[in-house]
Amino acid sequence: MTNPLDSVHPDLYPLLTAFSEEMIPLFRESLSSLILYGSGAGVNYIPGKSNVNLLMVMKELKFFDLLKYQKRAHYWKERGITPPLFTSLDFLEQSRDVFPIEWQEIISHHILLYGQNPFTFSIDRQDLRRECEREVRKIQVRLRQAFLETEKKPAEIEHLAMTSLNSVFPVLRSLLLIQHESPPIEREKLIELFFRKHHLSPAPFLKIWAIKKGKLISKEEYLGWFEDYLNQLEELSKLIDQIRLT
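What counts, and where the lines are drawn
- Residues numbered from 1 in each chain as written.
- Predicted model: local features only at pLDDT ≥ 70, side-chain atom pairs only at ≥ 80, totals over all residues.
- Heavy atoms only, no water.
- Core = buried A, V, L, I, M, F, W, Y, C linked by side-chain atoms within 4.5 Å.
- Buried < 20%, exposed > 50% of the residue type's maximum accessible area, 1.4 Å probe, protein only.
- Helix = DSSP H or I, 4+ residues; strand = E, 2+ residues; numbered from the N terminus.
- Salt bridge = Lys/Arg side-chain N within 4 Å of Asp/Glu carboxyl O.
- Pairing = 2+ DSSP bridges.

Quick look at the nonpolar core now. Of all hydrophobic cores here, the largest spans 48 residues; its most connected members are Leu 175, Trp 225, Tyr 229 and Leu 236. Elements supplying a minimum of two residues to this core: strand S1 (31-37), strand S2 (53-58), helix H4 (100-108), helix H5 (125-147), helix H6 (154-178), helix H7 (187-197), helix H8 (203-212) and helix H9 (222-242). Ranked by residues supplied to this core, first place goes to H6 with 12 residues. One finds Leu 12, Phe 19, Phe 86 and Leu 113 within the second-largest nonpolar core, a separate group that totals 25 residues.

As structure tokens, then:
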């Protein structure tokens, strides 16, 4: 039988093995499935920088389940595992029109570590388009407001841009899906495909991704590329507004 952890980054194998071996017996009576998603489930994982995201799907989610995990939350967070997203089977089914991007992201790419796969439903394309536009508009508003507090410090601008880019990737993947395209898993290829398909420059997004992977840039460059990034986000929001589904 194939081990689902065989496909994860080597650094994650012992960590996720230990986590699974503790969590499955701890929640066995109520746990329906344990799912790895996000960068840890694919080629975009960057050791020491990427979060390890897990979804714990319960048959019925009770407050007691949260209390049980809370006792171990600090231990696992120190080892790199973000506190899992706890949900129930009913919540998944009932919230697919509320969180279409979030669930589509996990549907498109995840690793089932335990139990039955709960993602047997599909996401409505109109719901997905609406949330894409709302998300990009929110990113723009947050960036403008947060920039005012950076005092133009390069390190703070860098952190601001890299954090926001994590929210852009799901939008790009979702937009390609609703346009009947298959989005690449690799983030650099995703940026290039999306922006060239829509005749927009991928340069600001590629630069931020390069910085996230460790590239250093001069202090003089920061304001210029951050302005370019904001401008391209505005173009992206206009593009989404014009998309008509067929």
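Okay, back to it.
Here we take up the pattern of salt bridges. According to the stated counting rule, one finds 16 salt bridges in the structure shown. Here Glu 135 and Arg 142 are joined by a salt bridge, their closest N and O atoms 3.6 Å apart. Take Glu 135: its relative accessible area is 13%, and that puts it in the buried class. For Arg 142, a relative accessible area of 40% corresponds to the partly exposed category. With its nearest N and O atoms 3.4 Å apart, the salt bridge here joins Lys 153 to Glu 151. One network of salt bridges, in which partners are shared, links Glu 135, Lys 138 and Arg 142.

A word on the pairing of S1. The buried fraction of S1 amounts to seven of the seven residues, a majority that puts the element mostly inside the structure. Across six bridges, S1 lies against S2 in antiparallel orientation. Directly across from Tyr 37, in S2, lies its bridge partner Asn 53. Bridge count for S1 against strand S4 (residues 110-115) is five bridges, and the pairing is antiparallel. Bridged to Ser 33 within S4 is Gly 115.

It is worth stressing that arrangement in space is one thing and function is another; only the former is reported here.
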